Amino acid sequence: MAEKSCSSSGCSKESCEGCPSAGKPQSFLEELNVYSEVKHVIGVVSGKGGVGKSMATASLANLLASKGYRVGIMDADITGPSIPRMYGLEGPAMADDEGIYPVLTNNDIKVMSINLLMPDPETPVIWRGPVLANMVKQFWKDVIWGELDYLLVDMPPGTGDVPLTVFQSLPVDGIVIVTSPQDLVKMIVKKAYNMASAMNIPVLGMIENYSYLKCPDCGKEIPVFGKSKIDEVSQELGVAVLGKVPIDPKLTELSDAGAFDEAENPYLEGALAVLQLLSVKDK
Ligand code: ADP
């Protein structure tokens, strides 16, 4: 039997001769659920855990929702999901023959997370990379997101199977990189940048978290985790700084109380503006 030479998805031809898609790169994009229409997909990434990626995702979601956009959060940090806990959401999510329904926060953000599908959110997810990656595809295909202006994807830290799957399978408009002053910022930003570039995904900018602590008495900004290098990295790599978030006990408090829908994060107004720009062309 002649070897199949066409790499285009769905093509059964044995030869590429005369085929208009010959030589074009194969698309791995997954179809969205028929009941959903998502205008913009934004990935929120970090180099390691604990830098505040979920806090940044949820803060951006809150800011967008407060401006009247229809927002969803896909919690793709499958082995360390924290979004449902931050908003005080409990599963199980409802499902029927059509698909799985996201759970709504008090400020009308639609959330899907493995923690909303497991009988006990404290059960650890002990799955290998390909299984985790498949779950993310299901979050895209089988979840009835409805109409969304923005779907924010809270990615697991690093550049493993799940981010790769999100970049390949979802029509990601751009990524936001979250770092802390302690991070090896340049290396982390470069890695995320190179990964996104290899997949033709724009880097919208960086957010520095834990930038400083404001003294409650004198208002002085104390750089608890050392001097920030983010502006240097921004200049060198040409990636914009979208915001610098201080250590704010209120954010931890609301997150721990499951009341993050009440969190305001004025330090991310710049990031909000960049995301809003994506919607300008929708009108
Ligand atoms: P990641 O998603 O990167 O693992 P999280 O967003 O879950 O990190 O943040 C880790 C913890 O730190 C959470 O309890 C969160 O509420 C808290 N936190 C994050 N950013 C801040 C901040 N700027 N000020 C105070 N607490 C924060």
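Small disclaimer: the values here were computed from a predicted structure and weren't measured.

## As for the overall build of the protein
Stage number 1. Broken down by element type, the protein carries 8 helices and 12 strands.
Stage number 2. Taken over C-alpha atoms, the radius of gyration comes to 20 Å for the protein, in line with the 19 Å a tight globule of 283 residues would show.
Stage number 3. Dimensions of the protein along its principal axes, counting C-alpha atoms only, are 80 × 45 × 45 Å.
Stage number 4. With 283 residues in all, the protein has 48% of them scored as buried.
Stage number 5. Element-wise, carbon and sulfur atoms account for 52% of the exposed surface of the protein, whose accessible area totals about 14,300 Å².
Stage number 6. In the protein, which carries 24 positive and 36 negative side-chain charges, the distance between the mean positions of the two groups comes to 8 Å.

## Some thoughts on the site of the ligand
Stage number 1. In the vicinity of the ligand there are 17 residues, among which Gly50, Lys53, Ser54, Met55 and Asn209 approach most closely.
Stage number 2. A distance of 2.9 Å is found between an oxygen atom of the ligand and a backbone nitrogen or oxygen belonging to Ser54.
Stage number 3. Interatomic distance of 2.9 Å between a backbone N/O atom of Pro246 and a nitrogen atom of the ligand.
Stage number 4. Summarising the interface, the protein chains cover 84% of the accessible area of the ligand, which totals 560 Å² for the free molecule.
Stage number 5. Elements supplying a minimum of two residues to the shell around the ligand: helix H1 (53-66) and helix H7 (249-256).
Stage number 6. In the shell around the ligand, the residues fall into 7 nonpolar, 8 polar and 2 charged.

## A closer look at the packing of helix H3 (residues 129-141) against helix H4 (residues 161-169)
Stage number 1. Where H3 contacts H4, the axes come no closer than 8 Å and their chain directions differ by 35°. Between H3 and H4 the crossing geometry is right-handed. Side by side, H3 and H4 meet where Gly129, Pro130, Leu132, Ala133, Val136, Lys137 and Trp140 of the first sit next to Asp161, Val162, Thr165, Val166 and Ser169 of the second.
Stage number 2. In terms of residue class, the contact of H3 with H4 is made up of 7 nonpolar, 3 polar and 2 charged.

## Here's the deal with the confidence of the model for the protein
The predicted structure's coordinates, where accompanied by low pLDDT, should not be read in detail.
Stage number 1. Per-residue confidence for the protein gives a mean pLDDT of 90; residues scoring 70 or more make up 90%.
Stage number 2. When the criterion is pLDDT under 50, residues 1-5 qualifies, and its contacts beyond four places in sequence or with other chains add up to 10 contacts.

## Some points on helix H8 (residues 269-280)
Stage number 1. With 12 residues, H8 extends 17 Å from end C-alpha to end C-alpha; this agrees with the ideal 16 Å at 1.5 Å per step.
Stage number 2. Looking at H8, one finds that the buried residues are Ala271, Leu272, Leu275, Leu278 and Ser279. Summarising the axial view, the buried residues of H8 lie within an arc of 105°, below the 170-degree limit, and thus occupy one face. In H8, those exposed residues whose orientation departs by more than 90 degrees from the buried face are Leu277 and Val280.
Stage number 3. Tucked inside the fold, the buried residues of H8 contact strand E1 (37-46), H1, strand E7 (147-154), strand E8 (172-179), strand E9 (203-209) and strand E12 (241-245).

## Details of the nonpolar core
Stage number 1. Counting residues in each nonpolar core, the largest one holds 80 residues, and the members touching the most others are Met74, Tyr87, Ile175, Ile207 and Phe260.
Stage number 2. Sort the elements by how many residues they give to this core and H1 lands first, with 7 residues.
Stage number 3. Other than its neighbours up to four places away in sequence, Phe260 contacts Met55, Ala58, Ser59, Asn62, Met86, Tyr87, Leu251, Leu254 and Ser255.

## Looking at the pairing of strand E2 (residues 71-75)
Stage number 1. Counting buried positions over the 5 residues of E2 gives 5, a clear majority of the element.
Stage number 2. Here E2 shows a buried face lined by Val71, Ile73 and Asp75 and a second buried face lined by Gly72 and Met74.
Stage number 3. The pairing of E2 with E7 spans 5 bridges and is classified as parallel. When the sheet's bridge partners are listed, Asp75 is paired in E7 with Asp154.
Stage number 4. As judged from the 4 bridges shared by E2 and strand E6 (residues 110-113), these two strands associate in the parallel manner.

Parameters at a glance
Residues numbered from 1 in each chain as written. Predicted model: local features only at pLDDT ≥ 70, side-chain atom pairs only at ≥ 80, totals over all residues. Heavy atoms only, no water. Helix = DSSP H or I, 4+ residues; strand = E, 2+ residues; numbered from the N terminus. Rg over C-alpha atoms; globule rule 2.2 N^0.38 Å. Buried < 20%, exposed > 50% of the residue type's maximum accessible area, 1.4 Å probe, protein only. Areas by Shrake-Rupley, 256 points an atom, 1.4 Å probe, with all protein chains shown as cover. Lys, Arg positive; Asp, Glu negative; His and termini not counted. Charge placed at Lys NZ, Arg CZ, Asp CG, Glu CD. Near = heavy atom within 4 Å. Polar contact = N/O pair within 3.5 Å; in protein donor to acceptor, adjacent residues only side chain to side chain. Nonpolar A, V, L, I, M, F, W, Y, C, P; charged D, E, K, R; others polar. Axes fitted to C-alpha atoms, helices over the stretch in contact; angles between N-to-C directions. Left-handed = near helix turned anticlockwise from the far one by under 90°. Contact = heavy atoms within 4.5 Å. pLDDT = per-residue confidence, 0-100. Expected span 1.5 Å × (residues − 1). Arc of directions from axis to C-beta. Core = buried A, V, L, I, M, F, W, Y, C linked by side-chain atoms within 4.5 Å. Pairing = 2+ DSSP bridges.

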